[in-house]
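Residue strings, one per chain:
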Amino acid sequence: DELRRMGATIKVEGNTAYIEGTDKFTGAQLSAPDLRAGAALVIAALAADGFSEIDEIQYIQRGYEDFELKLRALGAQIEKVDSEKDAQKFKLKIG
């Protein structure tokens with residue numbers, strides 16, 4: 001469901017998922033369902049056009065030490081925020 005919000009076309013039949021590629025993901029409001037899927041959503045959000053917010057990141061924080069700092073060191077525009085006000089400041093900062 002989270003990748004669909006970003007523009008992916010995914011069809012599930014039984015235990016099989018059929019995924020149709022897209023030229024570009026778009027930013028979206030997302031929720032990290034677990035450790036690995038949450039990390040994958042962060043990577044997808046970094047590749048997307050626009051701004052994404054990912055809630056429920058406790059799994060990522062617990063599983064990957066300083067995740068956002070490591071990504072920032074690679075050039076990612078990413079910030080962990082505690083409030084909507086901080087999110088707005090970050091949006092203004094990155095344009």
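Structure first, text after, so check above.
Predicted model, so just to flag it, every value in this text is computed and none were measured. (Residues numbered from 1 in each chain as written. Predicted model: local features only at pLDDT ≥ 70, side-chain atom pairs only at ≥ 80, totals over all residues. Heavy atoms only, no water.)

### Some thoughts on helix α2 (residues 35-47)
Moving on, step 1. With 13 residues, α2 extends 19 Å between its outermost C-alpha atoms, agreeing within 8% with the 18 Å of an ideal straight helix rising 1.5 Å per residue.
Moving on, step 2. Within the sequence span of α2, burial applies to Gly38, Ala39, Leu41, Val42, Ala44 and Ala45. (Helix = DSSP H or I, 4+ residues; strand = E, 2+ residues; numbered from the N terminus. Expected span 1.5 Å × (residues − 1). Buried < 20%, exposed > 50% of the residue type's maximum accessible area, 1.4 Å probe, protein only.)

### Some words on the side chain of Glu2
Moving on, step 1. In this structure, Glu2 sits in helix α1 (residues 2-5).
Moving on, step 2. A distance of 2.6 Å separates the side chain of Glu2 from the backbone nitrogen of Ser31, its partner in a polar contact.
Moving on, step 3. Not counting the four nearest positions on each side in its chain, Glu2 is found in contact with Gln29, Leu30, Ser31 and Leu41. (Polar contact = N/O pair within 3.5 Å; in protein donor to acceptor, adjacent residues only side chain to side chain. Contact = heavy atoms within 4.5 Å.)

### With respect to the side chain of Ser52
Moving on, step 1. Here Ser52 is to be found in the loop between α2 and β4 (53-55).
Moving on, step 2. For Ser52, a relative accessible area of 19% corresponds to the buried category.
Moving on, step 3. Of the polar contacts made by the side chain of Ser52, one reaches the backbone nitrogen of Ala28; its length is 3.2 Å.
Moving on, step 4. What Ser52 contacts, discounting residues up to four positions off in sequence, is Met6, Gly27, Ala28, Leu30 and Ala45.

### Observations concerning the environment of Ala8
Moving on, step 1. Tracing the chain through its elements places Ala8 in the loop between α1 and β1 (9-13).
Moving on, step 2. Among the residues examined, Ala8 registers a relative accessible area of 11% and is labelled buried.
Moving on, step 3. Each C-alpha atom, one on Ala8 and one on Gln77, is 22 Å from the other, the two residues being 69 residues apart in sequence.
Moving on, step 4. Sequence-distant contacts of Ala8, that is, excluding residues within four places in its chain, are made with Leu3 and Phe25.

### Quick word on the nonpolar core
Taken as a class, soluble globular proteins show a tendency for nonpolar side chains to be buried jointly.
Moving on, step 1. In this structure, Met6, Leu30, Val42, Ile54, Phe67 and Leu71 are the most contacted members of the largest nonpolar core, which totals 16 residues.
Moving on, step 2. Looking at which element gives the most residues to this core, the answer is α2, with 5 residues.
Moving on, step 3. In contact with Leu71, other than residues within four places in its own chain, are Val42, Ile43, Leu46, Ala76 and Ile78. (Core = buried A, V, L, I, M, F, W, Y, C linked by side-chain atoms within 4.5 Å.)

Scope: geometric values only; no functional claims are made or implied.
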